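One letter stands for each residue in the lines below.
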Amino acid sequence: MRDYLPSCFATRQSIEEEARRVSRLYGYEEVETPVVEETSLFRRTLGSGSDVVQKEMFEFKDKSSTDVTLRPEGTAGIGRMITRKDFALYRSLPHRFFYCGPMFRYERPQKGRQRQFSQVGVECIGEESSLADAEVVILAHQFLDSLELASTPMLQINTLGNAQDRLVYKAELTSFLQQRKDKLSADSLSRLERGAVLRILDSKESNDQELLQGAPRLDEFLSEGSSARFEKVLRTLEEEHVPFQRSSYLVRGLDYYCHTVFEYVSSEIGAQGAVLAGGRYDGLVESLGGPPTSAVGWAAGTDRLALLRTEINDSQFRPICAIIPAGNRNEETEDLIKGHCMRVAVALRRRGIETHLQYKTRHASKLLARALQNGASAAVFIGENEASKGKFIFKDLKSRAEREVNSLSELADAVDNAVNAFS
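In this numbering scheme, every chain counts its residues from 1 along its sequence in written order. In view of the model being predicted, local features appear only for residues whose pLDDT reaches at least 70, and side-chain atom pairs are presented and counted only at 80 or more, with totals across whole chains, interfaces and linings using the full set of residues. As a rule here, side-chain values come from all non-hydrogen atoms in the structure, and water together with hydrogens is ignored.

A few words now on empty space enclosed by the protein. In this analysis the probe radius is 1.4 Å and the grid spacing 1 Å, with only protein atoms considered; a cavity is a set of points the probe fits into but cannot get out of, a pocket is an open set with protein on both sides within 12 Å along at least five of seven lines, and lining residues have an atom within 4 Å of a point. Grid points are joined across faces, edges and corners, and a volume is the space filled by probe spheres set on the points. On inspection of all chains with the given rule, the structure shows 1 cavity of 30 Å³ or more. Taken as a whole, the largest cavity spans an internal volume of roughly 70 Å³. Looking at the largest cavity, the residues that line it are Val 31, Glu 32, Thr 33, Arg 71, Gly 74, Ile 78, Tyr 99, Cys 100 and Met 103. Under the DSSP-based scheme used, a helix requires at least four consecutive residues in state H or I and a strand at least two consecutive residues in state E, with every element numbered from the N terminus. With 3 residues, the top contributor of residues to the lining of the largest cavity is strand 5 (residues 95-104).

Turning to the sheet that holds strand 4 (residues 67-70), a few remarks are in order. Between any two strands, pairing holds if DSSP finds at least two bridges. Strands sit in the order 2-4-3 across an open sheet of 3 strands; the sheet is antiparallel. Either end of the sheet is taken by a strand with one partner, and the two such strands are strand 2 (36-38) and strand 3 (58-61). On average, adjacent strands in this sheet sit at an angle of 35 degrees to one another, irrespective of strand direction. Of the strand pairs in this sheet, strand 2 and strand 4 are connected by 3 bridges, and their pairing is antiparallel. Looking at the pairing, Glu 37 lines up with Thr 69 of strand 4. Throughout, an axis means a line fitted to C-alpha atoms (over the contacting stretch in the case of helices), and angles, computed between N-to-C directions, take values from 0 to 180 degrees.

Every regular strand shows the same layout, with side chains that alternate between the two sheet faces. Pairing geometry for strand 15 (residues 392-396) and strand 16 (residues 402-405), over 4 bridges, is antiparallel. Within strand 16, the position partnered with Phe 392 by the bridge is Val 405. The hairpin formed by strand 15 and strand 16 contains 5 residues between the paired strands, and Arg 400 there has a positive phi angle of roughly 70 degrees.

Definition of nonpolar core: a set of buried residues of the types Ala, Val, Leu, Ile, Met, Phe, Trp, Tyr and Cys, connected through side-chain atoms within 4.5 Å. The rule is simple: take the accessible area with a 1.4 Å probe, protein chains only, and divide by the maximum for that residue type; under 20% is buried, over 50% is exposed, in between is partly exposed. Ranked by internal contacts, the top residues of the largest apolar core, which has 43 residues, are Ile 78, Phe 97, Ile 125, Leu 173, Leu 177, Ile 200 and Leu 201. Listing elements by their share of this core, those giving two or more residues are helix 2 (39-46), helix 4 (75-82), strand 5, strand 6 (116-125), helix 7 (163-178), helix 9 (206-212), helix 11 (284-287) and strand 11 (295-301). Residue contacts are counted whenever heavy atoms from the two residues lie within 4.5 Å of one another. Not counting residues up to four positions away in its chain, the partners in contact with Ile 78 are Val 31, Thr 33, Phe 97, Tyr 99, Glu 123 and Ile 125. Formed by 38 residues, the second largest nonpolar core is a distinct cluster that contains Leu 155, Ile 157, Phe 230 and Phe 262.

The next point concerns the sheet that holds strand 6. Pairing in this open sheet of 8 strands is mixed, and the strands run 1-5-6-11-10-9-7-8 from one edge to the other. The open sheet is flanked by strand 1 (29-30) and strand 8 (245-246), the only strands paired with a single partner. When strand 6 meets strand 11, the two strands line up antiparallel, connected through 7 bridges. In the sheet register, Gln 119 faces strand 11, and the bridge partner there is Gly 301. On the sheet, helix 4 packs against strand 5 and strand 6 and is oriented at approximately 135 degrees with respect to strand 5. Where helix 6 (residues 130-146) meets the sheet, it contacts strand 5, strand 6, strand 7 (154-159), strand 9 (258-265), strand 10 (274-280) and strand 11, and its direction lies at approximately 20 degrees from that of strand 11.

Below you can see the structure in the form of structure tokens.
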């Protein structure tokens, strides 16, 4: 778990806002699902043999003895929302949903991934076309590109085919690994024994990777329809200039995926380098008791993206105005100055300008130094003379230009012009 201090929170918030902005360009509407759901939801959708269900969920009983879980991911909650009793959302398909918020997994903390972490994601529900697969990838590409990351994550993409393709392939892969199980890592052996054989393909253990070099590949077992569908996705990405690498052993760790799966991976944040991942999950809604429903989407970890984020504006200034009261030992005069400062602050805030007001009067130079430390781009000085005459001293902190202003409306215009240069 972690605390988000102001600088970290600002970075996370800017990533969420950019995801929200880009998603809106593609017609996505924001939704929010509960942080706590019944445990059965995740067991049904993620698969009882998945690593998440086996080892990573925060599970507990509520006061009515119902098994509940802090959500480990966002897609299952969206699926449950679609299958609510009134089926109103299902009857009005298709839907495009955007979400953001905290997720929880009880796993070993790693770079950019704590047990509580934040995600943004999109879900396109009710569209079966391969164009929908390509479009969510293009959306992801535009979102990541807009963040101006210090290094560009690479798109790795694969297809899991349809259910019959995977059934045949899993049988072949299981036979291959059973004959060599003495060479598997402990985690991969456990996955083999509980039937989560595809997850072994995602192992980062060197001995597993070496063994898998000779393993059968899923693309050798794809039907003509699955192969043709995937080629359409790749062709669309090429036409829209989205670079990618085909990764034959890429799988997703949750049972509901089929056909297109993908990850954006960075080498800058360690072995577990995925910063955004997703794919098609046509069986999710049906697993929750709903009708067969096509769906595709992705989620991105904002904490991991923050590690790759570059500072877009390296200026020390921000769109902030500081109100600086000049100190006076006379209590009556101090009250006059502070009242004048408060009126200015309220007026500027009503203009939509972030305004920092000091309550304690100190030496003006110390207050100015504090304002600059906070990134203020404008300052208003108010002493006894200004308070008694209804005037103000305005200072543009970047140009250092200073002048007397005679009215509150004139001051608001001056401050507005100064701070808007950094908006």
